[in-house]
Amino acid sequence: MKIRFGESLNINLTLEGDSGIAIPPLTLQMLVENAVKHNIASKNMPLDISIFRQGDQIVVENNLQSRLNNLESTGIGLTNIQERYRHVSDKPVAIENGPHTFRVLLPVLQMTKV
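Here is what the cut-offs are and how they apply
Residues numbered from 1 in each chain as written. Predicted model: local features only at pLDDT ≥ 70, side-chain atom pairs only at ≥ 80, totals over all residues. Heavy atoms only, no water. Helix = DSSP H or I, 4+ residues; strand = E, 2+ residues; numbered from the N terminus. Buried < 20%, exposed > 50% of the residue type's maximum accessible area, 1.4 Å probe, protein only. Contact = heavy atoms within 4.5 Å. Areas by Shrake-Rupley, 256 points an atom, 1.4 Å probe, with all protein chains shown as cover. Lys, Arg positive; Asp, Glu negative; His and termini not counted. Charge placed at Lys NZ, Arg CZ, Asp CG, Glu CD. Pairing = 2+ DSSP bridges. Axes fitted to C-alpha atoms, helices over the stretch in contact; angles between N-to-C directions. Expected span 1.5 Å × (residues − 1). Arc of directions from axis to C-beta. Core = buried A, V, L, I, M, F, W, Y, C linked by side-chain atoms within 4.5 Å. Parallel < 35°, antiparallel > 145°, perpendicular 65-115°, else oblique. Left-handed = near helix turned anticlockwise from the far one by under 90°. Nonpolar A, V, L, I, M, F, W, Y, C, P; charged D, E, K, R; others polar.

On a plain count of helices and strands, the protein comes out with three helices and seven strands. With the principal axes as the frame, the protein shows a C-alpha extent of 45 × 30 × 25 Å. Counting the 114 residues in the protein, one finds 34% classified as buried. Counting contacts in the protein only where the partners sit at least 6 residues apart, residues at least 24 apart contribute 67% of the total. Counting only carbon and sulfur atoms, one obtains 54% of the accessible surface of the protein, whose full area is about 7500 Å². Both charge centroids of the protein, one from 11 positive and one from 11 negative side chains, sit 5 Å from each other.

Now the structure itself:
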């Protein structure tokens with residue numbers, strides 16, 4: 001996506017050194033794709049996505065810049081993520097939709113050795 005959008009998309013990923021933690025597969029990809037799908041990303045209005053650890057959660061947040069022709073969201077992607085968590089954990093996924101920022105807080109799952 002960074003190659004496709006260039007300076008129109010900024011992704012700040014700060015999870016270095018966090019070994020032994022996990023989240024369900026494809027969760028981060030789905031959230032980044034959702035942010036791009038629902039927001040404007042241009043050189044004049046770059047889309048900023050941050051992914052970082054906050055305590056026992058991984059936070060994925062982006063600035064809100066809704067598209068003018070944005071269709072009503074079905075919420076399927078977010079529901080899918082919440083259902084994946086229900087299968088592997090009793091910790092809920094939190095969604096915060098503020099006036100300027102959209103945040104999803106993903107509980108960190110501890111990896112077990114097999």
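Before going further, it helps to examine the sheet that holds strand S1 (residues 9-14). If you trace the five strands from one edge of the open sheet to the other, you get S1-S3-S4-S6-S5, paired in mixed fashion. Taken across any chain shown, the strands that pair with only one partner, and hence form the sheet edges, are S1 and strand S5 (94-97). Averaged over all pairs of adjacent strands, the angle between their axes in this sheet comes to 10°, without regard to strand direction. In this structure, S1 lies alongside strand S3 (residues 47-54), joined through six bridges in parallel fashion. Following the sheet pairing, Leu 9 is matched in S3 by Leu 47.

In a regular helix each residue adds 1.5 Å, so 13 residues correspond to 18 Å; helix H3 (residues 76-88) covers 19 Å between its end C-alpha atoms and thus fits that length. Among the residues making up H3, those that are buried are Leu 78, Ile 81 and Tyr 85. Projection of H3 onto a plane perpendicular to its axis shows the buried side chains occupying an angular sector of 60°, all on one side. When the buried face of H3 is taken as reference, the exposed residues oriented beyond 90 degrees from it are Ile 76, Arg 86 and His 87.

The next point concerns the nonpolar core. Leu 31, Ile 49, Ile 51, Ile 58, Ile 81, Val 104 and Leu 106 are the most contacted members of the largest nonpolar core, which totals 23 residues. Elements that contribute at least two residues to this core include exactly helix H2 (27-38), S3, strand S4 (57-63), H3 and strand S6 (101-107). A total of five residues in this core trace back to one element, the largest contributor, which is H2. Among all residues touching Ile 49, those that are not within four sequence positions of it are Leu 9, Asn 10, Ile 11, Asn 12, Val 32, Ala 35, Val 60, Glu 61 and Asn 62.

By the bridge criterion, six bridges tie S3 to S4 in an arrangement that is antiparallel. Among the inter-strand pairings, Phe 52 is bridged to a residue of S4, identified as Val 59. Counting the residues between successive antiparallel strands, the hairpin from S3 to S4 contains two residues, one of them, Gly 55, with a positive phi of roughly 65°.

Helix packing for two helices is described by the angle between their axes and how far apart those axes are. Between H2 and H3, the shortest axis-to-axis distance is 10 Å and the interhelical angle comes to 160°. By the angle between their axes, H2 is roughly antiparallel relative to H3. Crossing of H2 over H3 shows left-handed handedness. Touching Thr 27, Met 30, Leu 31 and Asn 34 of H2 are Gly 77, Leu 78, Asn 80, Ile 81 and Arg 84, all from H3. Partitioned by chemical class, the residues of the contact of H2 with H3 number four nonpolar, four polar and one charged.

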